[in-house]
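Letter by letter, the chains look like this.
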Amino acid sequence: YPHYGGGITYHFKTGKVESEGRVGLFLGEWKAAVVEVTVNGQLAGHIGWKGQDGIDITDYLEEENKIDIKLIATPRNIFGPFHQKYDSCIRSSFKDFRTEGNDYTEEYLLETQGLLKPVTLQEI
């Protein structure tokens, strides 16, 4: 969805999770503004930044488990900038929307968003 800026939910199912300790859900690589994790219909929590990567889901696990991971996209692919070749833009200004200069391209350059690597459950 090239210019989509809403949320997308990934649905997973798993059987009983064997662990002698606590169980964490880890996203691996992802790109979004914020992530909401629901386990068996209960909100397990939110992941709001890259350094947080995982969340403890032990208290929500049952014999059979339904895990929903909802990622809310950033507004980057809705509002732009779309035509600048650099990818280190952490803010937007009028310069980012110019139709000239060394960094301008006619191509649409969008950011990939969502889950980019497999999700894992690990003992923590």
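Predicted model only: the values in this text are computed from it and were never measured.

### Points about the overall build of the protein
Secondary structure summary: the protein contains one helix and nine strands in total. N-terminal to C-terminal, the α/β element order of the protein is β-β-β-β-β-β-β-α-β-β. Every one of the 124 residues in the protein was classed for burial, and the buried ones make up 28%. Within the protein, contacts between residues at least 6 apart in sequence are counted, and of these 71% link residues at least 24 apart. As displayed, the protein offers around 8,200 Å² of accessible surface, 51% of which is attributable to carbon and sulfur atoms. Here the protein contributes 13 positive and 19 negative side-chain charges, whose respective centroids are spaced 7 Å apart.

### Considering the side chain of Asn 40
Relative to the assigned elements, Asn 40 resides in the loop between strand 4 (34-39) and strand 5 (42-47). Looking at Asn 40, its side chain comes within polar contact range of the main-chain oxygen of Tyr 60, at 2.9 Å. Engagement of the side chain of Asn 40 in a polar contact is seen with the side chain of Asn 65, the distance being 2.8 Å. Apart from residues lying up to four places away in sequence, Asn 40 is in contact with Tyr 60, Leu 61, Glu 62, Glu 64, Asn 65 and Lys 66.

### Things to note about the pairing of strand 5
Successive side chains on a regular strand alternate, one facing one side of the sheet and the next facing the other. Sheet analysis places strand 4 next to strand 5, joined by five bridges and oriented antiparallel. Its bridge partner lying in strand 5, Val 39 is registered against Gln 42.

### Quick word on the pattern of salt bridges
Across all of its chains, the model carries five salt bridges by this definition. Measuring nitrogen to oxygen at the nearest pair gives 2.9 Å for the salt bridge that ties Arg 22 to Asp 56. Note that Arg 22 is positioned in the loop between strand 1 (7-14) and strand 2 (23-26) and Asp 56 in strand 6 (residues 54-56), a separation of 34 residues in sequence. For Arg 22, a relative accessible area of 35% corresponds to the partly exposed category. For Asp 56, a relative accessible area of 30% puts it in the partly exposed group. Put simply, Asp 59 and Arg 22 hold a salt bridge, and the shortest N to O gap is 3.2 Å. Placement of the pair is Asp 59 in the loop between strand 6 and strand 7 (65-72) and Arg 22 in the loop between strand 1 and strand 2, with a sequence separation of 37 residues.

### Some thoughts on the nonpolar core
Grouped together as the largest cluster of nonpolar side chains are 16 residues, with contacts concentrated most on Leu 25, Leu 27, Trp 30, Val 35, Val 37 and Ile 57. Taken together, the elements giving at least two residues each to this core come down to strand 2, strand 4, strand 5 and strand 7.

### With respect to the sheet that holds strand 1
With antiparallel pairing, the four strands of this open sheet are ordered in space as 1-7-4-5. Each end of this open sheet is capped by a strand with a single partner; those strands are strand 1 and strand 5. The average undirected angle you get between the axes of adjacent strands in this sheet is 20°.

### Side note on the packing of aromatic side chains
Tallying each qualifying case throughout the model produces one aromatic pair. For the pair Phe 82 and Tyr 108, a centre-to-centre distance of 5.6 Å together with 50° between the ring planes defines the contact as tilted. Of the two residues, Phe 82 sits in the loop between helix 1 (76-79) and strand 8 (114-115) while Tyr 108 sits in the loop between helix 1 and strand 8, which places them 26 residues apart along the sequence. Classification of Tyr 108 by relative accessible area gives exposed; the value is 53%. The aromatic ring of Trp 30 is capped on one face by Lys 50, whose charged end is 4.0 Å from the ring centroid.

The rules behind the values
- Residues numbered from 1 in each chain as written.
- Predicted model: local features only at pLDDT ≥ 70, side-chain atom pairs only at ≥ 80, totals over all residues.
- Heavy atoms only, no water.
- Helix = DSSP H or I, 4+ residues; strand = E, 2+ residues; numbered from the N terminus.
- Buried < 20%, exposed > 50% of the residue type's maximum accessible area, 1.4 Å probe, protein only.
- Contact = heavy atoms within 4.5 Å.
- Areas by Shrake-Rupley, 256 points an atom, 1.4 Å probe, with all protein chains shown as cover.
- Lys, Arg positive; Asp, Glu negative; His and termini not counted.
- Charge placed at Lys NZ, Arg CZ, Asp CG, Glu CD.
- Polar contact = N/O pair within 3.5 Å; in protein donor to acceptor, adjacent residues only side chain to side chain.
- Pairing = 2+ DSSP bridges.
- Salt bridge = Lys/Arg side-chain N within 4 Å of Asp/Glu carboxyl O.
- Core = buried A, V, L, I, M, F, W, Y, C linked by side-chain atoms within 4.5 Å.
- Axes fitted to C-alpha atoms, helices over the stretch in contact; angles between N-to-C directions.
- Phe/Tyr/Trp six-rings, centres within 6.5 Å; stacked < 30°, edge-to-face > 60°.
- Lys NZ or Arg CZ within 6 Å of the ring centre and 35° of its normal.

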